[in-house]
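# Structural characterization, general
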Amino acid sequence: MMRPGSTGRPPTTLPLFTMLLATALATACSSMPAGESRPAAVVRTEQVSGTDVLLIAVSPVNENVVWVSGAGGTWLRSTNGGTTWQAGRVPGADSLQFRDVHAVDANTAYLLSIGSGSDSRIYKTTDAGASWTLQFTNAEPRGFYDCFDFWDARRAVVIGDEFDGSVAMLETADGGATWTRVSRAALPPAQPGEGSFAASGTCVETGQGGRAWIVASNPDYGRVLHTADYGSTWTVDTLPITVRAASGPQSVTFRDANNGMALGGGYAVQPGDVLAAMTNDGGHTWSAVTRPPLATGVWGASWVPGAGAPTVVAVGPAGSVYTRDHGATWLSIDSLNYWSVGFASADAGWAVGTDGRITKLSGF
């Protein structure tokens with residue numbers, strides 16, 4: 001399911017020096033009394049991306065290496081923690097929106113574009129973006145792929161919208177040299193009109209030991225697909241997140257094999273909607289938690305590895321927030337327009353969004 005976004009102008013290919021504007025945050029917690037601020041350690045740093053297009057997904061490798069994807073066939077890469085960014089465009093892909101990116105290392109990354117039919121594609125670079133190989137082009141006119149994630153450098157899963165009454169899923173076990181449609185027999189039956197939101201590249205999350213979780217919905221139900229064997233078999237569990245025609249579960253993130261959070265949003269969000277749920281049993285059962293204080297809900301989210309307390313950062317067009325208590329309370333970071341967020345450590349996370357925005361987040 002596609003989210004609207006601007007294509008903007010083509011990015012440059014020259015690295016730019018970052019304008020560091022690091023400041024300790026003092027915005028009041030949206031779910032706490034006015035005037036009460038978050039811990040002073042949390043810092044946000046505006047970075048210069050070198051492009052003004054919509055940035056949609058982010059994939060950190062470590063504290064130094066991070067890749068970003070966006071509209072207009074755009075990709076970005078930094079090897080120094082975002083101090084400088086290299087921005088480029090995949091040749092022949094300027095009309096595509098890269099709604100997901102997966103980085104293997106400083107030289108190797110994958111891009112997923114979305115759209116009906118042949119607009120859904122997968123590209124790979126092994127030379128830091130100097131050249132890109134088109135690995136997959138969707139041949140199904142009704143096919144539409146939303147996001148992907150990798151267990152390691154060779155194994156990955158891609159989720160798409162339902163068509164012909166079946167969940168649309170791809171897999172690879174050879175680094176994308178071949179992408180194969182997962183058989184209907186290996187998947188739970190699809191709900192009519194079911195799909196995942198292609199808003200942030202976070203609708204699927206892989207974990208250790210072959211685990212993965214996918215959030216999907218139609219206007220009636222939201223659910224999680226789960227595998228524990230690298231996609232050989234899948235189970236399905238329901239979510240308490242509110243769904244409508246233009247809103248529902250958008251992001252799923254797991255801290256370990258048991259503890260995870262699913263978060264939702266969209267332009268149809270209304271007061272009283274359930275926008276977040278927690279699990280502590282690997283996704284078999286989910287419980288609603290306090291609503292993140294974002295007007296259009298959450299489009300992307302991530303656990304923060306190595307944080308002082310278990311922490312989830314969530315972002316959307318209305319800003320960014322975080323929780324240190326499994327969603328019982330949420331603290332505001334800012335009110336800028338973001339689509340996705342990803343972390344390498346408690347001191348190296350990046351939120352990306354409109355107008356080429358990249359904000360580095362640290363101090364968790």
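Please read these numbers as outputs of a predicted model, since none were measured by experiment.

Cut-offs applied
Residues numbered from 1 in each chain as written. Predicted model: local features only at pLDDT ≥ 70, side-chain atom pairs only at ≥ 80, totals over all residues. Heavy atoms only, no water. Disulfide = S-S within 2.5 Å. Helix = DSSP H or I, 4+ residues; strand = E, 2+ residues; numbered from the N terminus. Pairing = 2+ DSSP bridges. Axes fitted to C-alpha atoms, helices over the stretch in contact; angles between N-to-C directions. Phe/Tyr/Trp six-rings, centres within 6.5 Å; stacked < 30°, edge-to-face > 60°. Buried < 20%, exposed > 50% of the residue type's maximum accessible area, 1.4 Å probe, protein only. Lys, Arg positive; Asp, Glu negative; His and termini not counted. Salt bridge = Lys/Arg side-chain N within 4 Å of Asp/Glu carboxyl O. Polar contact = N/O pair within 3.5 Å; in protein donor to acceptor, adjacent residues only side chain to side chain. Contact = heavy atoms within 4.5 Å.

On to the state of the cysteines, then. For the structure on display, the rule yields 1 disulfide. Here Cys 147 is linked by a disulfide to Cys 203, with a sulfur-sulfur distance of 1.7 Å. What sets the handedness of the Cys 147 and Cys 203 disulfide is the S-S torsion sign, and at about -95° it is left-handed. Of this pair, Cys 147 sits in strand E12 (residues 145-150) while Cys 203 sits in the loop between strand E15 (180-181) and strand E16 (204-206); the two residues are 56 residues apart in sequence, bridging distant segments of the chain.

Attention shifts here to the sheet that holds strand E24 (residues 300-303). Spatial strand order, E24-E25-E26-E27: 4 strands in an open sheet with antiparallel pairing. Unpaired on one side and paired on the other, E24 and strand E27 (331-334) mark the two borders of the sheet. Here the strands of the sheet are splayed against their neighbours by 20° on average, with no regard to which way each runs. Bridge count between strand E26 (residues 319-323) and E27: 3 bridges; the pairing is antiparallel. Note that in E27 the partner of Ser 320 across the bridge is Asp 334.

Okay, the packing of aromatic side chains next. Going through the model one piece at a time under the given rule, you end up with 15 aromatic pairs. Ring centres 5.7 Å apart and planes at 85° place the aromatic pair Phe 98 and Tyr 123 in the edge-to-face group. Highlighted residues: Phe 98 in strand E8 (residues 97-103) and Tyr 123 in strand E10 (residues 121-125), separated in sequence by 25 residues. The pair formed by Phe 98 and Tyr 123 is uniform in burial state, with each residue classed as buried. One aromatic cluster is present, formed by Tyr 110, Phe 148, Phe 150 and Trp 179 through successive ring pairs.

Inspection of the secondary structure puts Arg 357 in the loop between strand E29 (348-353) and strand E30 (358-362). Of the buried charged residues, Arg 357 lacks a salt bridge, with Asp 355 as the closest side chain of opposite charge at 4.8 Å. Looking at Arg 357, its side chain comes within polar contact range of the main-chain oxygen of Asn 337, at 3.0 Å. Sequence-distant contacts of Arg 357, that is, excluding residues within four places in its chain, are made with Leu 55, Leu 336, Asn 337, Tyr 338, Ala 351 and Val 352.

Among the structural elements, Arg 99 can be located in strand E8. Owing to a relative accessible area of 0%, Arg 99 belongs among the buried residues under this scheme. Measuring from C-alpha to C-alpha, the distance between Arg 99 and Gly 115 comes to 9.9 Å, with 16 residues separating the pair along the chain. In terms of polar contacts, Arg 99 uses its side chain to reach the side chain of Gln 97, at 2.7 Å.

Distances and angles like these do not, on their own, reveal function.
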